[in-house]
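Observations on the three-dimensional arrangement
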Amino acid sequence: MAAALQYVGAAFLTYETYKLLDHASFYLLPPASLARYRIGLGTAQELAARGFNVVLLGHLAAELDDAAALIKAEPRGTEVRIVVLHAITTTPHEIDAAFESISTLPITVLNNNVGGFPIA
């Protein structure tokens, strides 16, 4: 009986350690902008390939420039625009100015690829 309780305790401790490390990794690992990596870039490339104009929105200008260059590398006849805004520090005036810069571009699809807090 004591051995069984030791296994249950070890399993519980292992699971709780995993949850703690998973939670801590959100704060310790560097963030990756989805416009440059994974789903966001792939979605933007696919939409551009199908003739949609693309607006890349993020807070890291260099990563957005890299993503735009990848999309523009394929001759598709679509327009790629970049909007750089930081969700925490941007003022309402900066938001208005950013959206004014893309107001002439018709938007038919909105794809929201915002990273989030992992729920464990």
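Before reading further, recall that the structure is shown in the block above.
This report concerns the structure included in the present document.

Analysis parameters
Per chain, the residues get numbers from 1 upward, laid out in the order the sequence is written. pLDDT decides what is reported in this predicted model: residues at 70 or higher carry local features, side-chain atom pairs at 80 or more are listed and counted, and totals for whole chains, interfaces and linings draw on all residues regardless. Only hydrogens and water are set aside when side-chain values are computed; all heavy atoms of the structure are taken into account. Strands here mean DSSP runs of E at least two residues long; helices mean DSSP runs of H or I at least four residues long; both are numbered from the N terminus. Burial classes follow relative accessibility: with a 1.4 Å probe on protein chains only, a residue under 20% of its type's maximum area counts as buried, one over 50% as exposed, and anything between as partly exposed. In this analysis, two residues are considered to be in contact whenever any of their non-hydrogen atoms come within 4.5 Å of each other. For the area figures, the Shrake-Rupley method with a 1.4 Å probe applies, and any residue is considered shielded solely by the protein chains shown. Each pair of strands is called paired provided DSSP finds at least two bridges between the two strands. Seen with its strands pointing away from the viewer, a crossover is right-handed if its path from the first strand over the helix to the second goes clockwise. The salt bridge criterion pairs a side-chain nitrogen of Lys or Arg with a carboxyl oxygen of Asp or Glu, the two atoms within 4 Å. Think of a nonpolar core as a cluster: buried Ala, Val, Leu, Ile, Met, Phe, Trp, Tyr and Cys residues, connected wherever their side-chain atoms sit within 4.5 Å. Between the first and last residue of a helix there are one fewer steps than residues, each counted as 1.5 Å, and that sum is the expected span. The directions from the helix axis to the C-beta atoms form the arc being described.

Section: the overall build of the chain
Each helix and strand counted, the chain has four helices and two strands in total. Order of helices (α) and strands (β) in the chain, N terminus to C terminus: α-α-β-α-β-α. Scored against the burial criterion, the 120 residues of the chain give a buried share of 19%. Intrachain contacts of the chain at a sequence separation of at least 6 include 64% that bridge at least 24 residues. For the chain, the exposed area adds up to about 8900 Å²; of that, 63% sits on carbon and sulfur atoms.

A short note on the environment of Leu 41
Within the secondary structure, Leu 41 sits in helix α2 (residues 38–49). With 26 residues separating them in the primary sequence, Leu 41 and Ala 67 have C-alpha atoms 6.7 Å apart.

Observations concerning the pairing of strand β1 (residues 54–58)
Covered by surrounding structure in β1 are Val 54, Leu 56 and Gly 58 only, the residues Val 55 and Leu 57 on the alternate face being uncovered. In this sheet, strand β2 (residues 80–84) lies alongside β1 in parallel orientation, the contact comprising five bridges. Directly across from Leu 56, in β2, lies its bridge partner Ile 82. Regarding topology, helix α3 (residues 61–72) serves as the crossover connection from β1 to the parallel β2, and that connection is right-handed.

Re the pattern of salt bridges
Enumeration according to the criterion identifies three salt bridges in this entry. We note a salt bridge from Lys 19 to Glu 16, for which the minimum N-O separation is 3.5 Å. Of the two residues, Lys 19 and Glu 16 both sit in helix α1 (residues 2–28), three residues apart, roughly one turn of that helix. Relative accessible area serves as the criterion here: at 30%, Glu 16 is assigned to the partly exposed category. Glu 79 is the partner of Arg 81 in a salt bridge, and the nearest nitrogen-oxygen pair spans 2.5 Å. Residue classification places Glu 79 among the partly exposed positions, given a relative accessible area of 33%.

Some remarks on the nonpolar core
Side chains that are nonpolar tend, in soluble globular proteins, to be buried together. Counting ten residues, the largest nonpolar core is built from Leu 41, Ala 44, Ala 48, Val 54, Leu 56, Leu 64, Ala 67, Ala 68, Ile 71 and Val 80. For this core, the elements supplying multiple residues, two or more each, are α2, β1 and α3. Residue contributions to this core peak at four residues, all from α3. Contact partners of Val 80, with chain neighbours within four places excluded, come to Val 54, Leu 56, Ala 68, Ile 71 and Lys 72.

A short note on α3
Compared with an ideal rise of 1.5 Å per residue, which puts twelve residues at 16 Å, α3 spans 16 Å between its outermost C-alpha atoms and is within 8% of the ideal. Of the positions making up α3, those classed as buried are Glu 63, Leu 64, Ala 67, Ala 68 and Ile 71. Projected down its long axis, α3 shows its buried positions confined to an angular sector of 135 degrees, all on one face. Opposite the buried face of α3, by more than 90 degrees, sit the exposed residues Ala 62 and Lys 72.

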